[in-house]
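Understanding the architecture of this molecule
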Amino acid sequence: MISGLDKRILSILKKDSRCPFVKVADEVGVSEGTVRSRVRKMIDEGIIKEFTIKIGSKNVKALVEVRIDINVDTEEIAKELATYDGVTEVFEVTGDQDIIAMVDVESAARLNEIVEKMRHYDNVISTRTRLILKEHLGGF
């Protein structure tokens, strides 16, 4: 269970993973040592898996939804899609679609190449592409 304090710490670090613990402590009203120990605990418990950066770009970004034939190993296809240059994240999901791939590429033509490559799998029934118009970073 994540405490309210931990949620506030995570919210700050999610926006800026390089934010100094002293600044985080000032914002949440505790000592730097408390922030440091809470972050260490969340790392140890697997709540925080990694610290990363998000690169700003003027690229074409899209969600590509992939529907797979029944009785097919979705994980195998998802892992393969994750290796494509320009695919930043891949999720296996429930619902009408089976896989969602996040794509970040330099042009619509490159996006189309990736989608066409996805469609070449024998077990892919269909794809649906949703262009991302605007991003908003959420809290925790």
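The structure under discussion appears in the preceding block.
Overview of the structure. Keep in mind the model is a prediction, meaning the values are calculated, not measured.

Brief notes about the sheet that holds strand β2 (residues 87–92)
Read across the sheet, 4 strands follow the order β2-β3-β1-β4 without closing on themselves; strand pairing throughout is antiparallel. Where the open sheet ends on each side, the last strands, each with one partner, are β2 and β4 (124–131). Taking each pair of neighbouring strands and ignoring which way they run, the sheet shows an average axis angle of 20°. Looking at chain direction, strand β1 (residues 60–68) and strand β3 (residues 99–105) are connected through 7 bridges and run antiparallel.

Focus: the packing of helix α2 (residues 21–28) against helix α3 (residues 32–44)
Remark: α2 packs on α3, axes separated minimally by 8 Å, with the N-to-C direction vectors making an angle of 105°. Viewed along their axes, α2 and α3 adopt a mutual orientation that is roughly perpendicular. Facing α2, whose interface residues are Phe21, Val22, Val24, Ala25 and Val28, α3 presents Glu32, Val35, Arg36 and Val39. A breakdown of the residues in the contact of α2 with α3 according to their chemical character gives 7 nonpolar, no polar and 2 charged.

Some remarks on the packing of aromatic side chains
Evaluated as defined, the whole model comprises 0 aromatic pairs. Its guanidinium or amino end placed over the ring of Tyr84, Lys117 lies 4.2 Å from that ring's centre, counting from NZ or CZ.

Re the nonpolar core
In terms of nonpolar packing, the biggest core is built from 18 residues, with Val66 and Met118 touching the most fellow members. Among residues more than four places away in sequence, those in contact with Val66 are Leu81, Gln97, Asp98, Ile99, Met118, Val124, Ser126 and Thr127. Of all hydrophobic cores here, the second largest spans 14 residues; its members include Ile9, Cys19, Ala25 and Val35.

Topic: the pattern of salt bridges
This model, assessed by the stated rule, comprises 10 salt bridges. Residue Arg36 pairs with Glu32 through a salt bridge whose shortest N-O separation is 2.3 Å. Here Arg36 pairs with Glu32, and both are found in helix α3, just 4 residues apart, close to one helical turn. According to the relative accessible area criterion, Arg36 is partly exposed, its value standing at 45%. Judged by relative accessible area, which is 26%, Glu32 ranks as partly exposed. Residue Glu135 is joined to Lys61 by a salt bridge in which the shortest nitrogen-to-oxygen separation is 2.6 Å. You can see Glu135 sitting in the segment after β4 and its partner Lys61 sitting in strand β1, a full 74 residues away along the chain. Here Glu135 falls in the partly exposed class, since its relative accessible area comes to 38%.

Thresholds, definitions, all that
Residues numbered from 1 in each chain as written. Predicted model: local features only at pLDDT ≥ 70, side-chain atom pairs only at ≥ 80, totals over all residues. Heavy atoms only, no water. Pairing = 2+ DSSP bridges. Helix = DSSP H or I, 4+ residues; strand = E, 2+ residues; numbered from the N terminus. Axes fitted to C-alpha atoms, helices over the stretch in contact; angles between N-to-C directions. Parallel < 35°, antiparallel > 145°, perpendicular 65-115°, else oblique. Contact = heavy atoms within 4.5 Å. Nonpolar A, V, L, I, M, F, W, Y, C, P; charged D, E, K, R; others polar. Phe/Tyr/Trp six-rings, centres within 6.5 Å; stacked < 30°, edge-to-face > 60°. Lys NZ or Arg CZ within 6 Å of the ring centre and 35° of its normal. Core = buried A, V, L, I, M, F, W, Y, C linked by side-chain atoms within 4.5 Å. Buried < 20%, exposed > 50% of the residue type's maximum accessible area, 1.4 Å probe, protein only. Salt bridge = Lys/Arg side-chain N within 4 Å of Asp/Glu carboxyl O.

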